[in-house]
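Here is how the chains run, residue by residue.
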Amino acid sequence: MEVVSISNLSKIFNTGKDNEVEALREIDLTVTKGEFIALIGPSGCGKSTMLRLIGGLIPITSGELSVNGKTPTKAREERDYGMAFQSAGLLEWRTARKNIELPLELMGWSKAERIKRANEMLELVQLGEFARSRPAELSGGMQQRVAIGRALSFNPALLLMDEPFGALDEMTREHMQDQLLDICHKTESTVIFVTHSIPEAVFLSTRVVVMSPRPGQISSIVETNLRAGDNTADNTKIRNDERFYKKVTEVREALYGK
Amino acid sequence: MGNELTRFSTWLSTALKWLAPLIFGVLMVTVWEVLLLVINPENFLLPRPSEIFSELIDDLSKISDDRSKIWAATKTTGFIMITGLFWGIVWGVATALLVTLSRAANETLTPIAVAINAIPIIAVAPLFNNWLGLTSPRSNQMVVMMLVFFPIFITTARGLTQVDSQQIELMNSYAASKWKILRSVRIPNALPFFFTALKLVAPLSIIAAIVVEYFGGSQNSLGALITASASFADYSKAWSVVVAGSIMGMGLYFVALTAEKITLARDRSPRLLLIAWQKITGRTTGA
Ligand SMILES: Nc1ncnc2c1ncn2[C@@H]1O[C@H](COP(=O)(O)OP(=O)(O)O)[C@@H](O)[C@H]1O
Ligand SMILES: [Mg+2]
């Protein structure tokens, strides 16, 4: 089942003005349910723009883009998306649990349902005992986990993540990667994940979409899928596997040109 | 043991926080008293604190048989201050909300507000008196209101608009309406800004209320009492009125501070203010 279908999509900012920027050119991409797409490319090539377009936050300039067979705006209104960004973006005056409750509040869940789900999410990201902590009392990694719990809280069909682990140290990052995969498998989410780390892209994804410098175009797509559908695969094994290194090399070559 | 010790040290630091300015204040007053007593006991332009306070106590002791001038004046001026403050806050916050929600409102109202702010409002108080009646409280309320309006408006508007753009984007991704964004993100973000402005304008409003009374308004007011006492060379009376005004200003500042503490202590929901109000007034109905 197609979750995202993009054809011949272009995005130009400030058309006709002297600060005109061609961000994306002629993008074609289809994402099916359950896929984990890693989006990688040089800084400024339009990765964030692509997520914003898919999320219906900014209008497309030309081409076609549909999400679950709907326009992005419609999909957004029907709350098909969960989003997470590089900085956690928590509301500082709310506790961890209340931050996770925010989207549920907006969607009209009852208080009891909200609390129940928020607690489940906190367990999922292993922050059960921090329900009443404010963001200022949590480390960067913990805040990011709260943000991910928030993004997942309403079972969105599609997760859009923009360098969510970019600010984390290596150890926390790997831990978060494992958790994210685990959560995604449990919830059967489809994910589009922007990253600037090649190993991260390879480790997480089923496919890595490599983009060229601005104007952003898809220069190649690398099939990774190291788990081959086996959700119980041992993550440490995969990280040390020869296939992992081969795929890293493959993506690197695609990124820098051979 | 350790627990008790930490409790004692927090108690001590709280006590010190209050004690230090108190001791300093008492010290200042004592120095003032002693210095005048030593240098110039006959001085009457600047009375000693003891004279001022005995004047104040003397006047206030007549409250029961309704002959206290200072009490009557405090009520008059207090009323003008509170109502002026209230309407200044209401209009300031309302304008800030309007300007935040509508670009058109922002482009028309903000320049007008800035222009109004450039008028030296106290200086035009005599004109207001001519328009609205020399003895009417209207013109004085108007001056206080206009003085309060601008800091509240500008600061609150800043708090409502200076929101992390990512947070707005996130709210948009949940298809949150303008109102929901206002309620969940903008207003909580603006509350600390609002209270900063409130703590600024609360003492300002008592200054404004008294100063405009030098030009007109009721004759039973703090401002009128100061000018009258000064022209009769009754300086300890004049100063005791100033002290009464100061106490009122401090009281107002404290109310603002407490409101801030209550609201910001928890989820930055103004709902807590309402709950506090219900507790105070003993009413239990409502939200
Ligand atoms: N709102 C905007 N207005 C104008 N230009 C923009 C806007 N957003 C992004 N751009 C431009 O589009 C290009 C791609 O940006 P972005 O998608 O953020 O890149 P990436 O996330 O890959 O680093 C950049 O040149 C950026 O300056
Ligand atoms: Mg980016």
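The numbering scheme is per chain: residues are counted from 1 as the chain's sequence reads. Ligands are numbered from 1 and chains lettered from A, in the order in which they are written. Reporting of local features is limited, given that this is a predicted model, to residues whose pLDDT is at least 70; pairs of side-chain atoms are given and counted only at 80 or more, and all residues count toward the totals for whole chains, interfaces and linings. Only hydrogens and water are set aside when side-chain values are computed; all heavy atoms of the structure are taken into account.

Visitor: I'm lost on the domain arrangement of chain A in this one. Help?
Guide: The parts lose accessible area when they come together, and the size of an interface is often stated as this lost area. All names here are of chain A. For the domains described, the bounds stem from an automatic or database domain assignment. Per the domain assignment, the segments of chain A are domain 1 (2–80 + 157–256) and domain 2 (89–155). A C-alpha centroid distance of 24 Å is found between domain 1 and domain 2. Every contact between the two is made by 16 residues of domain 1 and, on the other side, 14 residues of domain 2. Here domain 1 packs against domain 2, burying approximately 1200 Å² in sum over the two surfaces, 72% of which is carbon and sulfur. By the criterion of area lost to domain 2, the three top residues of domain 1 are Arg 79, Gln 179 and Ile 183, representing 40% of everything that side buries. Take a side-chain nitrogen of Lys or Arg and a carboxyl oxygen of Asp or Glu: if they are within 4 Å of each other, that pair is a salt bridge. Linking domain 1 with domain 2 are zero salt bridges. Residues adjacent in sequence count toward polar contacts only when both atoms are side-chain atoms; beyond that, a polar contact is any pair of N or O atoms within 3.5 Å, and within protein one must be able to donate a hydrogen and the other to accept it. The interface formed by domain 1 and domain 2 includes two residue pairs in polar contact (both at pLDDT 80 or more). Looking at the side of domain 1 that touches domain 2, the elements with two or more residues in it are strand 6 (158–162) and helix 6 (170–187). We call two residues in contact when some of their heavy atoms are within 4.5 Å. Take the accessible area each of two parts loses on contact, using a 1.4 Å probe, and add the two losses: that sum is the buried area. A run of H or I in DSSP counts as a helix once it spans at least four residues, and a run of E counts as a strand once it spans at least two, with each numbered from the N terminus.

Visitor: I would appreciate a short explanation of the site of ligand 1 in the present structure.
Guide: Residues and elements named next belong to chain A. In the neighbourhood of ligand 1, the contacting residues comprise Phe 13, Asn 14, Val 21, Ala 23, Ser 43, Gly 44, Cys 45, Gly 46, Lys 47, Ser 48, Thr 49 and Arg 214. Between an oxygen atom of ligand 1 and a main-chain N or O atom of Gly 46, the distance comes to 3.0 Å. Coverage of ligand 1 by the protein amounts to 66% of the 560 Å² it exposes when considered alone. Listing elements by their share of the shell around ligand 1, those giving two or more residues are strand 2 (21–32) and helix 1 (47–54). Per-element tally for the shell around ligand 1: the top contributor is helix 1, with three residues. Residue polarity follows a fixed list, in which Ala, Val, Leu, Ile, Met, Phe, Trp, Tyr, Cys and Pro are nonpolar, Asp, Glu, Lys and Arg are charged, and the others, Gly among them, are polar. Of the residues belonging to the shell around ligand 1, the class tally is four nonpolar, six polar and two charged. If a single non-hydrogen atom of a residue is within 4 Å of a molecule or strand, that residue counts as near it. Here, Shrake-Rupley sampling with a 1.4 Å probe gives the accessible areas, and only protein chains in the shown set may cover a residue.

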